[in-house]
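# Close look at the chain arrangement
Here are the chains, one letter per residue:
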Amino acid sequence: MSSDSLGEIPEYILARLRELREQIQHHDQLYYLKDRPEISDIAYDQLFQELQSLEAEFPSLLTPDSPTQRVGGAPLEQFQKAKHEFPLLSLDSHVDVADVRAFDQRVLRELDIDSVEYTVEPKYDGLSVELIYEEGTFIRGSTRGDGIVGEDITVNLRTIRALPLQLHQPEAIPTKVIVRSEVYIPLEDFHVLNTRLIQDGEEPFANPRNAAAGSLRQLDSRLTADRPLTLTCYDLKTQTNERPATHWEAVTKLGEWGLPIPQHRQRCQSIDEVIAFHTDIELQRNQLPFEIDGIVVKVDRYVWQQALGEKSRSPRWAMAFKFPPRQEITKVDQIIVSVGRTGALTPIAILNPVEIGGVTVSRASLHNIDEVVRKDIRPGDTIKVERAGDVIPDVVERIDVPGEQRAEPFTPPTQCPVCQSHTIQEGPILFCTGQTVCSAQLKGALELYVSKGAMNIEGLGRKTVAQLVDEGLVQDLADFYSLTKDQLFTLEGFAEKSATQLLEGIEKSKQAPLPRFIFGLGIRNVGAHIAQVLAKHFGSLDNLRTAPKESLELIHEIGPEIASSVESFFQEPKNLSVLQRMEELGVTVEIIDTSPLSADQPLSGKIFVLTGTLEGFSRQEAKQQIETLGGRVTSSVSKQTDYVVAGSEPGSKLDKAQALGVTVLNEEGFGNLLNE
Ligand code: IVH
């Protein structure tokens, strides 16, 4: 029998339902907050199942705050935005005791008092979230986001057992309570989670913080429910300021209402006590069951907090007193080199796994080739490795072990480990020059080529580029030009019309304007403007291809870095063969007349300033058109300006043009001028 109307539900059912929810909440608290369960798992499961079946029988009784709702629900398409009631500030942080004393001095000076009381708490290394309770019921929770607007993750937060869905003593609680808290994964649970992920053939998390972030921002809350998240609450705000006089008391209240609060907090009468707490907790750090990266020091009295005020991103009444990063000693097994999206080669030290603060570290970044050489790190070396916060661990230095046999010094690779194109060093960084062929750089390179400022191929956005690469249909720039309709049909979301449009867009791009084509090749250091300069100077791709570095360097605006990027791009045979295939597939790159006569272009010598929004052109396009016709675009209006092109909502440049008597063109006038 199923009933869905409250009126028909007998009182004894309602009473049992209340009782079950209260009991489950009580046992959740004992288990998750106090770590001392009073009933067996089986007895707990029985209560839970009884509640589930009652709710199944009387669906109208199911409310979002029921403990059964902690298992998560159907996946979301995306998170809704959630504006915070009060901005979620971050903290200024310091490591040095001298800075902490300076903070204290400033506080005393500004408050004009001799001593101030602080509350100190561990700085939990997790994610800060805002929780909102109305009439004692948890109604919404959100991530920090940019501090002003976050993401609504209410369903995910509900799955966290330590988070009470109902506060105790709701009658004594302000109508609306806003709580700041940190969501994290305890170390032991983190290890269990990672072991499980590895067993399931999935990638383990690098550290507990990443694991917490990855778990909390799941669109599928059932997955969140399966992750060992917990939280601690460290701040109370109410809209009517109905809160105690001090932070200490406010947090105590949070605890009384059933919210988890930091266990190791302390009230300090002086900065010396703060420093002593820091020292003490740092000593306990390795024994704590969760990760902390320092302590948070807060002026305790709210009136004083208000008097000190806030900066735009952080309060002036609090600071993070961080611990120095943790270091361990281990050995380097080997040095591998990975290639990023921009073609930068990053050396990575593969280590004998070592535990640093509860996290196993088996690789560390060596940042760039220069650093490996400078620190002289070689396979087999004993090194010091450091883990700071959530960043990838760093190799700090080599430790000299007398008598230790050393391998040969690391030699920077002359070829890209992914595509075997030759490498080029720019500053401390080594780059792969095979921009058009290297699969590590492929998506970025293709996106640039099809983008608005380059070939502007309609229908080829980021998503389609990714599909084409993932399906193996495009492996270099030339492959765009051999795509067939049948191939496109194999991609998700492609039908007759979209495939035809895309192929038409690609076909159109076969007539390639020289500057856009040069820009689209993605030669390092060659942006849209430099591409223009090169196009104007060389007039054809062939001239540019064969230009020696020395002649490139003679051109105004081209320095040695650009010159060597251009030269090495055209020296790489793989790039040349892609260009040749493009030509064979019908791509013809424009040839510009660079003879002196062409100085006589329609707009040569004319100076333009653009202001406001044009309907038919982006800024970039308008600029390109002017430059193609020999004109120049500058950013400020002066007597030298020939034309100011004013779109909608023009800025002060228009007023200035009128004041100086400079010709002002609207969009139509500008279009006419270009067509003339
Ligand atoms: S107080 C205005 N207390 O640290 C008050 N923050 O770097 C700002 N955090 O975003 C926060 N434990 O995510 C505070 N006991 C604690 C904390 C804590 C961890 C995090 C929090 C904050 C970040 C600031």
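This is a predicted model, so every value here is computed, not measured.

### Examining the sheet that holds strand E10 (residues 292-299)
- An order of E2-E11-E10-E3-E9 is seen for the 5 strands of this open sheet, with the pairing classed as mixed. One side of each edge strand has no neighbouring strand; the edge strands of this open sheet are strand E2 (93-94) and strand E9 (266-268).
- Taken strand by strand, helix H3 (residues 97-111) contacts E2, strand E3 (118-124), E10 and strand E11 (318-322), and its axis lies near 165° from that of E11.
- Across the sheet, helix H9 (residues 271-284) is in contact with E3, E9, E10 and E11; its angle to E10 comes to roughly 160°.

### Things to note about the site of the ligand
- Near the ligand there are 13 residues, and of these Glu-121, Tyr-124, Ser-128, Glu-182 and Lys-298 occur at the shortest range.
- A distance of 3.4 Å is found between an oxygen atom of the ligand and a side-chain nitrogen or oxygen belonging to Tyr-234.
- Look at the ligand: alone it shows 520 Å² of surface, and the protein chains cover 89% of it.
- Breaking the shell around the ligand down by element, the ones donating at least two residues are E3 and E10.
- Per element, the largest residue contribution to the shell around the ligand is 4 residues, and it comes from E3.
- Partitioning the shell around the ligand into residue classes produces 8 nonpolar, 1 polar and 4 charged.

### Some thoughts on a nonpolar patch on the surface
- A contiguous nonpolar patch, built from Leu-76, Val-155 and Leu-219 and spanning about 190 Å² of accessible area, is present on the exposed surface.
- Following the sequence through the fold, Leu-76 ends up in the loop between helix H2 (41-57) and strand E1 (81-83).

### Points about the packing of aromatic side chains
- What the rule picks out here adds up to 12 aromatic pairs.
- Relative to Tyr-118, the ring of Phe-103 lies with its centre 6.2 Å away and its plane at 35°, an arrangement referred to as tilted. Linking Phe-103 in helix H3 with Tyr-118 in strand E3, this pair joins segments that are 15 residues apart in sequence.
- The class for Phe-103 is buried, based on a relative accessible area of 6%.
- Judged by centre distance (5.4 Å) and plane angle (55°), the rings of Phe-617 and Phe-670 are tilted. With Phe-617 in the loop between strand E21 (607-611) and helix H22 (619-628) and Phe-670 in helix H24 (residues 667-675), this pair connects stretches of sequence that are 53 residues apart. Across this residue pair, the class does not change: Phe-617 and Phe-670 are buried.

### Quick look at helix H6 (residues 208-216)
- The set of residues buried in H6 consists of Pro-208, Ala-211, Ala-212, Ser-215 and Leu-216. Buried positions in H6, seen along its axis, are confined to an arc of 120° and lie on one side of it.
- Where H6 is buried, its residues contact strand E4 (127-134), helix H4 (154-158), strand E7 (176-184), helix H5 (187-199), helix H7 (221-225) and strand E14 (359-365).

### A closer look at the pattern of salt bridges
- The tally for this structure, following the rule as stated, stands at 41 salt bridges.
- Among the salt bridges present, the one from Asp-272 reaches Arg-101, with a minimum N-O distance of 2.9 Å. Within this pair, whereas Asp-272 is found in helix H9, its partner Arg-101 is found in helix H3, the two being separated by 171 residues in sequence.
- Taking relative accessible area as the criterion, Asp-272 reaches 45% and is therefore assigned partly exposed.
- Here the residues in one salt-bridge network are Glu-85, Glu-134, Arg-140 and Lys-176, joined through shared partners.

### Considerations on the nonpolar core
- Within the largest apolar cluster, 79 residues are counted, with the highest numbers of intra-cluster contacts made by Tyr-449, Phe-480, Phe-517, Leu-534, Leu-552 and Met-582.
- Top element by residues in this core is helix H17 (residues 528-538). It accounts for 7 residues.
- By size, the runner-up hydrophobic cluster in this structure holds 34 residues, among which are Leu-127, Ala-211, Leu-216 and Cys-233.

### Let's talk about the packing of helix H12 (residues 442-450) against helix H13 (residues 462-470)
- With their axes 10 Å apart at the nearest point, H12 and H13 run at an angle of 135° to one another. By the criterion of interaxial angle, the relationship of H12 to H13 is oblique. Between H12 and H13 the crossing geometry is right-handed. Contacts between H12 and H13 involve Leu-442, Lys-443, Leu-446, Glu-447 and Val-450 on the former and, on the latter, Arg-462, Val-465, Ala-466, Val-469 and Asp-470.
- When its residues are assigned to classes, the contact of H12 with H13 shows 6 nonpolar, no polar and 4 charged.

### Section: the sheet that holds strand E24 (residues 663-665)
- If you trace the 4 strands from one edge of the open sheet to the other, you get E22-E21-E23-E24, paired in parallel fashion. Two strands bound the open sheet, and with one partner strand each, they are strand E22 (632-634) and E24. With strand direction ignored, the average angle separating the axes of adjacent strands in the sheet is 35°.
- Sheet topology note: the E21/strand E23 (residues 643-646) ladder contains 4 bridges and is parallel. Following the sheet pairing, Phe-608 is matched in E23 by Tyr-643.
- Contacting E21 and E22, H22 crosses the sheet at an angle of about 170° to E21.
- Along the sheet, helix H23 (residues 652-660) makes contact with E21, E23 and E24, crossing E21 at roughly 140°.

### Considering the side chain of Glu-572
- Here Glu-572 lies in the loop between helix H20 (560-571) and helix H21 (573-584).
- Despite its burial, Glu-572 pairs with no opposite charge; the closest candidate is Lys-574, at 5.3 Å N-O.
- Among the polar contacts listed, one links the side chain of Glu-572 to the side chain of His-422, at a separation of 2.7 Å.
- Discounting residues that sit within four places of it in the chain, Glu-572 has contacts with Ser-421, His-422, Thr-433 and Gly-434.

### Observations concerning H3
- The end-to-end C-alpha distance of H3, which contains 15 residues, comes to 21 Å, matching closely the 21 Å that a straight helix rising 1.5 Å per residue would cover.
- Burial in H3 covers these residues: Val-100, Phe-103, Asp-104, Val-107, Leu-108 and Leu-111. Down the axis, H3 shows its buried residues gathered within 130° of arc, on one side only. Of the exposed residues in H3, the ones pointing more than 90 degrees away from its buried face are Ala-98 and Arg-109.
- Against E2, E3, H9, E10, helix H10 (302-308) and E11 lie the buried residues of H3.
- One or two positions beyond H3, positive phi appears at Asp-112, with a value near 55°.

Rules used throughout
- Residues numbered from 1 in each chain as written.
- Predicted model: local features only at pLDDT ≥ 70, side-chain atom pairs only at ≥ 80, totals over all residues.
- Heavy atoms only, no water.
- Pairing = 2+ DSSP bridges.
- Helix = DSSP H or I, 4+ residues; strand = E, 2+ residues; numbered from the N terminus.
- Contact = heavy atoms within 4.5 Å.
- Axes fitted to C-alpha atoms, helices over the stretch in contact; angles between N-to-C directions.
- Near = heavy atom within 4 Å.
- Polar contact = N/O pair within 3.5 Å; in protein donor to acceptor, adjacent residues only side chain to side chain.
- Areas by Shrake-Rupley, 256 points an atom, 1.4 Å probe, with all protein chains shown as cover.
- Nonpolar A, V, L, I, M, F, W, Y, C, P; charged D, E, K, R; others polar.
- Patch = residues over 30% accessible without salt bridge, like charges linked within 9 Å, V, L, I, M, F, W, Y side chains within 5 Å.
- Salt bridge = Lys/Arg side-chain N within 4 Å of Asp/Glu carboxyl O.
- Phe/Tyr/Trp six-rings, centres within 6.5 Å; stacked < 30°, edge-to-face > 60°.
- Buried < 20%, exposed > 50% of the residue type's maximum accessible area, 1.4 Å probe, protein only.
- Arc of directions from axis to C-beta.
- Core = buried A, V, L, I, M, F, W, Y, C linked by side-chain atoms within 4.5 Å.
- Parallel < 35°, antiparallel > 145°, perpendicular 65-115°, else oblique.
- Left-handed = near helix turned anticlockwise from the far one by under 90°.
- Lys, Arg positive; Asp, Glu negative; His and termini not counted.
- Expected span 1.5 Å × (residues − 1).

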